[in-house]
Amino acid sequence: MTDETFIEINDLHFSRGARKIFDGVSMRIPKGRITAIMGPSGTGKTTLLRIIGGQVKPDAGEVIVDGQDVCRMSRDELFEMRKHIGMLFQSSALFTDLSVYENVAFPLRVHTRLPEDTIRDLVLMKLNAVGLRGARDLQPSELSGGMARRVALARAIALDPGLLMYDEPFTGQDPIAMGVLVTLIKNLNVALQTTALVVSHDIHETTSIADKLYVIADGQVIAEGSPEALRSDNSARVMQFMHGSPDGPVPFHYPADDLLYDVLGESAA
Amino acid sequence: MHMRTVEISVGVFVLAGILALVVLVVRVSGVSLSRDEGNYLVYAQFDDVAGLRKRAKVSMAGVTVGRVADIAVDTEYGLAVVAMELNSGIGALPIDTGARILTEGILGARYVGLIPGADEETLQAGDYIEDTQGALVLENLIGDLVTRLGAS
Amino acid sequence: MTRLLRNLGVLALERLASLGRASIIWAQSVWGLPRAGDLSLLIRQIYNIGVLSLIIIVLSGFSIGAVIALQFYTQLSRFGAEDAVGLGLALVLLRELGPVVTALLFAGRAGSAVTAEISLMKSTEQLSSMEMMGVDPLHRIVAPRLWAGLICMPILATIFNVVAIYGGMVVAVEWLGSDAGSFWSGMQDAVELWEDVGKGMIKSVIFALVVTWIAVFQGYDSEPTAEGIGLATTRTVVLSSVVVLALDFLLTLGMYGDFK
C-alpha cells in the first residue's frame, strides 16, 4: 500500500547570509500520517516549516503542497492555502491582547463569515478537544506554558486544516504536559485525518508517535524511514543522533589547541 | 478594558481636541466670528509704508477701528497701496479723513492712524483716502538732519 | 584612513537599507482600503496612544506655560513691556514649543510603547503566526498605529498649547499681577490664524508622521530577543527626538524664513 504524498520537496536550496541552510534537500511527506523532522539545533527546521507555509522563499527548488507549488503562489493563492494549514509555534504565539476565546475564534473571524453563534460553538468544541473549554475567558498571560500551547493547538485546528505543523512542541515541557501533548497530537491526527509535520529534537516523544522520520544535518537529509529503521541504521551520524551520544561525527570538543600546550604553554612543546 | 469605555474616552479625547482648537482660533488668535456684515474696505496710497504689516491696526483717536487687510505696490507711480478693513461699528467717515502711518511708542510696531475730516460727504466702500502721510523712516530723518546741520 | 572611509560607507549603506525597508513598510501599511473591523482596531490604538498620553501632556503643558510666562514677565518688565507676556507666550507656544515638546513627549511615552509592543509581538512569533493564518500583520498591527499616531499628535499638541497658555495666564495675571485685558488683547492682536496656529498645526502633523513611522518601524525591524526590544525602544526615543528637532529647525526656516 503506497501512501499518497501530501508535500513534495524537490532539491531545496536556501542560504541565510553565508550559511547554506538547505543544500539539495528532497522529501516526501505522506498524507494523513505523522511525519517528524529531526536534527541538531540550528539546522533550520523551523525555516523549513516557514518555507512550506510560504512565508520564506527558497533560493531554488520546488515545494509542492497538495499539488500546488508554494513558491510560485500569488498573495491571494497563499491566503487561500493558509486556510488549510494550522501551525503550532514554539512559543505558542497567542495574541496577548485577546482572551483565550478570542484567540481561538481569530482564524474563524478572518477566513469565514459565520454568525457569532456558530463561531461560539466551534470555539467551544475546539477548546474542549484540548481540554481547556473552562479556560475560555482567561488571558494568555494567565496561562501556564503547557496550557498556552494547548490553546494554540485549539487555534491551529479551528478551521479543520488539512495540514498541521508543529514547531518543537515538546521543548521545555514538564512530563505531564508532554504526555498530554503527545496524546493530543496522535488523537487529533486520527480524528481529523490530517497530515501532521512535527519538527523536534526530542527522540523519545517523537518516535513514539511518528510514522515516518527524517533526520536533517548540515543542510542535507542524512536519514529517512520509519522509527524502527532509523534505530537500526548503521551510519555514524544517525547513530549518534538517535542514541544521544556526546561524541561522534558531531564532536564533543570545540576546535582548540592540544590540551597540554594550552595549559603549560610554550615550554611543553 | 471594556470596549465601551475605550470608545467613550476616545470620543471625549477627540472632542477635547476640537474644543482646544476652537479656543485657539477664537480666544487666542482673536478671529472674530461675525466677520462680514458691515465691514468695508477703504484704500490709501502712501509713498513709504516701511514696517507696516498686514493685520496691523487702524485706529482713530487711539481706538482700534479696523485692520490692514492688504498691502500692495503700484509700480507705475512707485506708491504703496494699503487696503484697510474698517469695522461696521464706526459708521461712515468723512471723505476728507486723513491717514498717517504711525509708530507705537518709539521703536514699536507700525499702525495706521486716521484723522477725521469735516466734510459732509462720506467714504464709501472702495474709496481712496486722499490725505496721506507715509511712515517716518529713521534713516531718512537722520539723513535730513545731517544735511540741514551741514547747510547751516 | 581607508578603513574609516570603508566603515562609514558600510554604515551609510546600512542606513539607506533601513530607510528603504521602513519606506516599504510604510507604503504597504497605508495602502489598501480599510475593512469593516478596522475601525475598532483604530479606536483602540487612539486610546492607547492618545488618551493615555493626556496626563503627561496636560501636566507638562501647564508647567511649561507657567514657567515661560514667568521668565518672559521678568525680562519684559525691564523694558516696561509686561503687557506683551500674553503675545510672547502664545507665539512661542504656537509656533515652536507646542509642536516640538508634544512630539518629544509623545515619542517618549507613546512612541516607545508602540515600539516595545510590536517588538515583543515579533519576538514571541505573534507576527509570524498571524501571517501563517493569512492575516497581514502590516494591516492589522502596523496600520492602525500609524493612523492613530497621525490623528492623536496634532490633537495633543493643540491641547498642550491651550493648557500652556492658560497656565501662563494663571501665573502672569493671577500671580504676577499683569493686566488680564492686555494679556489677551496683546495676544489676539499678534496671533494670526494661518501664520501661527495653522503653521504650528502643520508642523505637528509632520512630526506625528515622522515619530509614529519611526516607532512602528523600529519595533517591526527589531531583533526578536530581549535585548532587541530594549535596543529598539531606546532607538525610537533617541532617533525621534533628533529628527524632530532637526526638522523643526528646517521647518521654521522655511515657514518663517524672512528673518532679516
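Residues numbered from 1 in each chain as written. Chains lettered and ligands numbered in written order. Predicted model: local features only at pLDDT ≥ 70, side-chain atom pairs only at ≥ 80, totals over all residues.

Q: What is the right way to look at the overall build of chain B in this model?
A: Across its full length, chain B holds 2 helices and 8 strands. When the helices and strands of chain B are placed in sequence order, the string is α-β-β-β-β-β-β-β-β-α. In terms of C-alpha radius of gyration, chain B reaches 22 Å, well past the compact-globule figure of 15 Å for 152 residues. Along the three orthogonal principal directions, the C-alpha set of chain B runs to about 90 × 40 × 30 Å. Within chain B, the proportion of its 152 residues that are buried is 19%. Of the contacts formed within chain B by residues at least 6 apart in sequence, a portion of 62% connects residues at least 24 apart. (Helix = DSSP H or I, 4+ residues; strand = E, 2+ residues; numbered from the N terminus. Rg over C-alpha atoms; globule rule 2.2 N^0.38 Å. Buried ≥ 20, exposed ≤ 12 C-beta atoms within 10 Å, placed from the backbone. Contact = placed C-beta atoms within 7 Å.)

Q: Got a minute to help me understand the overall build of chain C in this structure?
A: If you tally the helices and strands in chain C, you get 9 helices and 0 strands. Along chain C, helices (α) and strands (β) appear in the sequence α-α-α-α-α-α-α-α-α when read from the amino end. Each of the three principal axes of chain C carries a C-alpha extent, and together these read 70 × 55 × 30 Å. With 260 residues in all, chain C has 47% of them scored as buried.

Q: Honestly, the interface of chain C and chain A in this entry has me stumped. Any pointers?
A: One widely used convention gives an interface's size as the accessible area the parts lose upon coming together. On the side of chain A, 15 residues touch chain C, which itself brings 10 residues to the contact. Looking at the side of chain C that touches chain A residue by residue, the class counts come to 3 nonpolar, 5 polar and 2 charged. (Nonpolar A, V, L, I, M, F, W, Y, C, P; charged D, E, K, R; others polar.)

Q: In this structure, what is going on with the interface of chain C and chain B? I would like to understand it.
A: Across the contact, 22 residues belong to chain C and 19 residues belong to chain B. Elements that contribute at least two residues to the side of chain C that touches chain B include exactly helix H2 (38–49), helix H6 (137–175), helix H7 (180–190) and helix H8 (193–220) of chain C. Of the residues forming the side of chain C that touches chain B, the biggest block, 6 residues, is contributed by H6 of chain C. A class-by-class count of the residues in the side of chain C that touches chain B yields 14 nonpolar, 4 polar and 4 charged.

Q: Mind showing me how you'd approach helix H2 (residues 138–151) of chain B here?
A: Given 3.6 residues to a turn, an α-helix orients residues that are three or four positions apart in the same direction. Compared with an ideal rise of 1.5 Å per residue, which puts 14 residues at 20 Å, H2 of chain B spans 20 Å between its outermost C-alpha atoms and is within 8% of the ideal. Burial analysis of H2 of chain B places just 0 of its 14 residues in the buried class, which makes it a mostly uncovered element. (Expected span 1.5 Å × (residues − 1).)

Q: What is the right way to read the sheet that holds strand S4 (residues 60–65) of chain A from this model?
A: Pairing between sheet strands relies on hydrogen bonds along the backbone, with the strands arranged either parallel or antiparallel. Residues and elements named next belong to chain A. Pairing is antiparallel in the open sheet, where 4 strands are placed in the order S2-S1-S4-S5. Where the open sheet ends on each side, the last strands, each with one partner, are strand S2 (19–30) and strand S5 (68–69). Sheet topology note: the strand S1 (residues 5–16)/S2 ladder contains 9 bridges and is antiparallel. Following the sheet pairing, Arg 16 is matched in S2 by Arg 19. (Pairing = 2+ DSSP bridges.)

Q: Looking at this model, I keep getting lost on the packing of H8 of chain C against helix H9 (residues 226–255) of chain C. Mind explaining?
A: Each pair of packed helices can be summarised by the angle the axes make with each other and by the distance between the axes. All names here are of chain C. Packing of H8 against H9 brings their axes to within 9 Å, and their N-to-C directions diverge by 155 degrees. If you check the angle between H8 and H9, you find them roughly antiparallel. Of the two elements, H8 crosses H9, and the hand of that crossing is right-handed. Judged by residue contacts, Lys 199, Lys 203, Ile 206, Phe 207, Val 210, Val 211, Ile 214, Ala 215, Gln 218 and Gly 219 of H8 engage Ala 232, Arg 235, Thr 236, Leu 239, Ser 240, Val 243, Val 244, Leu 247, Asp 248, Leu 251 and Met 255 from H9. (Axes fitted to C-alpha atoms, helices over the stretch in contact; angles between N-to-C directions. Parallel < 35°, antiparallel > 145°, perpendicular 65-115°, else oblique. Left-handed = near helix turned anticlockwise from the far one by under 90°.)

Q: What is the right way to look at the domain arrangement of chain B in this model?
A: When the domains of chain B are assigned, the result is domain 1 (1–31) and domain 2 (40–143). For domain 1 of chain B versus domain 2 of chain B, the distance between C-alpha centres works out to 41 Å. (Domains from an automatic or database assignment.)

Q: Explain the packing of helix H1 (residues 3–28) of chain B against H2 of chain C here, please?
A: As a packed pair, H1 of chain B and H2 of chain C sit with axes 9 Å apart at the nearest point and diverge in direction by 65 degrees. On the basis of their axis angle, the class for H1 of chain B and H2 of chain C is roughly perpendicular. The crossing of H1 of chain B and H2 of chain C is left-handed. In this structure, H1 of chain B uses Val 6, Glu 7, Ser 9, Val 10 and Phe 13 of chain B to contact H2 of chain C, whose residues at the interface are Ile 43, Arg 44, Ile 46 and Tyr 47 of chain C. Classifying every residue of the contact of H1 of chain B with H2 of chain C gives 6 nonpolar, 1 polar and 2 charged.

Q: I keep staring at the arrangement of the chains and nothing clicks. Help me out?
A: The assembly contains 2 pairs of chains in contact; the pair sharing the most contacts is chains B and C. The two partners chain A and chain B share no contact, and the minimum distance between any of their C-alpha atoms is 10 Å.

Q: How should I be thinking about the confidence of the model for chain C in this particular structure?
A: The predicted coordinates of low-pLDDT regions are not to be read in fine detail. Averaged over all residues, the pLDDT of chain C equals 89, while 97% of them reach at least 70. Both scores are given for the predicted complex: the pTM is 0.78, the ipTM 0.79. (pLDDT = per-residue confidence, 0-100.)

Q: So what exactly am I meant to see when it comes to the sheet that holds strand S8 (residues 195–200) of chain A here?
A: Residue and element names in this part refer to chain A. Pairing in this open sheet of 6 strands is mixed, and the strands run S6-S7-S8-S3-S9-S10 from one edge to the other. At either end of the open sheet lies a strand with only one pairing partner, and these are strand S6 (85–88) and strand S10 (220–225). With direction set aside, neighbouring strand axes in the sheet form an average angle of 15 degrees.

Q: Is there a simple way to think about the environment of Glu 125 of chain C in this case?
A: Position of Glu 125 of chain C among the secondary structure elements: in the loop between helix H4 (85–123) and helix H5 (126–132). With 21 C-beta atoms packed within 10 Å, Glu 125 of chain C lands in the buried category. Between the C-alpha atoms of Glu 125 of chain C and Pro 224 of chain C, which are 99 residues apart in sequence, the distance is 8.4 Å. What Glu 125 of chain C contacts, discounting residues up to four positions off in sequence, is Phe 89, Ser 91 and Ala 93 of chain A.

Q: I'm lost on the confidence of the model for chain B in this one. Help?
A: When pLDDT is averaged across chain B, the result is 81; 90% of the residues are at 70 or more. The least confident element of chain B is H2 of chain B, whose mean pLDDT is 80; the most confident is H1 of chain B, at 88.

Q: Would you mind going over the pairing of strand S2 (residues 57–60) of chain B with me for this structure?
A: Along any regular strand the residues' side chains alternate between the sheet's two faces. Residue and element names in this part refer to chain B. Two elements, S2 and strand S3 (residues 63–74), share 4 bridges in a ladder whose sense is antiparallel. Across the sheet, the residue bridging to Ser 59 is Thr 64, located in S3. Between the end of S2 and the start of S3, which pair antiparallel, lie 2 residues, with Ala 61 showing a positive phi angle near 55 degrees. As defined by bridge partners, S2 adjoins strand S6 (residues 110–115) across 3 bridges and the pair is classed as parallel. Its bridge partner lying in S6, Met 60 is registered against Leu 114.

Q: Can you help me understand the environment of Ser 240 of chain C in this one?
A: Residue and element names in this part refer to chain C. With respect to the helices and strands, Ser 240 occurs in helix H9. We classify Ser 240 as buried; it has 26 C-beta atoms within 10 Å. Distance in space between the C-alpha atoms of Ser 240 and Val 211 is 5.4 Å, their sequence separation being 29 residues. Sequence-distant contacts of Ser 240, that is, excluding residues within four places in its chain, are made with Ala 107, Gly 111, Val 211 and Ile 214.

Q: Got a minute to help me understand the environment of Gln 45 of chain C in this structure?
A: All names here are of chain C. If you trace the backbone, Gln 45 turns up in helix H2. A C-alpha to C-alpha distance of 8.8 Å links Gln 45 and Trp 147, two positions 102 residues apart in sequence. Here Gln 45 is in contact with Pro 144, Arg 145 and Ala 148, once residues within four sequence places are set aside.

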